[in-house]
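Observations on the three-dimensional arrangement
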Amino acid sequence: MTSPSNRLSQAGISLPPVAAPVGSYVQARTHGSLVYVTGQLAFVGGDIPWTGRVGDEVTVGQGVEAARAAALNSLAAASDEVGGLDNLSGVLEVTGFIAATPGFEGLSTVLNGASDLFPLVFGEAGRHVRSNVGVAWLPLGSPVEICVTYQKRHDDKG
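No experiment lies behind these values; they were computed from the predicted model shown.

Let us look at the pattern of salt bridges. This structure, assessed with the given rule, holds 2 salt bridges. Residues Arg53 and Asp56 are paired through a salt bridge, measuring 3.5 Å at the closest nitrogen-oxygen approach. A relative accessible area of 23% means that Arg53 is categorised as partly exposed.

The next subject is the pairing of strand β5 (residues 144–152). Judged by how many residues are buried, β5 sits mostly within the fold: 7 of 9 residues are covered. Across 6 bridges, strand β2 (residues 34–41) lies against β5 in antiparallel orientation. In the sheet register, Val37 faces β5, and the bridge partner there is Val148. The sheet contact formed by strand β3 (residues 88–99) and β5 spans 9 bridges and is antiparallel. Residue pairing across strands places Val94 opposite Val148, the latter belonging to β5.

Each aromatic ring pair is described using two quantities: the centre-to-centre distance and the angle formed by the ring planes. Applying the stated criterion across every chain, the model contains 2 aromatic pairs. On the basis of an interplanar angle of 85° and a centroid distance of 6.1 Å, the ring pair of Phe118 and Tyr150 is categorised as edge-to-face. Of the two residues, Phe118 is situated in helix α4 (residues 117–122) and Tyr150 in strand β5; the sequence distance between them amounts to 32 residues. When its relative accessible area of 0% is taken as the criterion, Phe118 is described as buried. Exposure remark for Tyr150: the relative accessible area of 0% places this residue in the buried category. Among the aromatic residues, those joined into a cluster by ring pairs are Phe118, Phe122 and Tyr150.

Looking now at the sheet that holds β2. A sheet is described by the order of its strands in space; here 5 strands give the open sequence β1-β2-β5-β3-β4, paired in mixed fashion. Here the strands that pair on one side only, and so sit at the sheet edges, are β1 (28–31) and β4 (129–135). Pairs of neighbouring strands in the sheet enclose a mean axial angle of 15°, with direction left out of account. Running at roughly 35° to β5, helix α2 (residues 60–82) makes contact with β1, β2, β3 and β5 of the sheet. Running over the sheet, helix α3 (residues 107–115) touches β3, β4 and β5 and is turned about 130° from β4.

Where β3 and β4 come together, 7 bridges link them in parallel fashion. What sits directly across from Ile98, in β4, is Gly134.

Leu75, Phe118, Ile146 and Tyr150 are the most contacted members of the largest nonpolar core, which has 42 residues in total. Counting only elements with at least two residues in this core, the list comes to β2, α2, β3, α3, α4 and β5. Examining the composition of this core, we find that 10 residues originate from one element, α2, more than from any other. Not counting residues within four places of it along the chain, the set of residues in contact with Ile146 comprises Thr38, Gly39, Gln40, Ala67, Ala70, Ala71, Ser74, Thr95, Gly96, Leu111, Ala114 and Phe118.

Our next topic: the side chain of Ser79. Of note, Ser79 is situated in helix α2. Assessed through its relative accessible area of 12%, Ser79 is described here as buried.

Rules used in this analysis
Residues numbered from 1 in each chain as written. Predicted model: local features only at pLDDT ≥ 70, side-chain atom pairs only at ≥ 80, totals over all residues. Heavy atoms only, no water. Salt bridge = Lys/Arg side-chain N within 4 Å of Asp/Glu carboxyl O. Buried < 20%, exposed > 50% of the residue type's maximum accessible area, 1.4 Å probe, protein only. Helix = DSSP H or I, 4+ residues; strand = E, 2+ residues; numbered from the N terminus. Pairing = 2+ DSSP bridges. Phe/Tyr/Trp six-rings, centres within 6.5 Å; stacked < 30°, edge-to-face > 60°. Axes fitted to C-alpha atoms, helices over the stretch in contact; angles between N-to-C directions. Contact = heavy atoms within 4.5 Å. Core = buried A, V, L, I, M, F, W, Y, C linked by side-chain atoms within 4.5 Å.

Treat this as a map of the structure, not an account of what it does.
Given below as structure tokens:
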């Protein structure tokens, strides 16, 4: 069976550094076998390359890329929390917040940028439940913010 880190590497993708919190919170927290990652913005190389609302300043394609970037940031935070990507076994839930213009109906398309990444990393265990939420604005002008709950790999030692 191919490990999550090997799948990511085979896809030519590397995890970004864990983003520093922009407020009074931690990036990830583990409770039992669940790893909760705080809302991740669309940082790429320390900046958010697309700012504003999808359907206005940000195109749908840029929104998809922003969602993928936020997903990579989430993976990095979860990986850091559990001591490596291979200590995660899959994704349970994704909640995506998309800053969009009133009446924008492509929320699901934008969030697919994140959702399509997780099966690439975890195979079938990357398929998840999710919610799309359209909002007026997000922190730092990010067009997307995602919250993810991961399943931690079980330790065979008991």
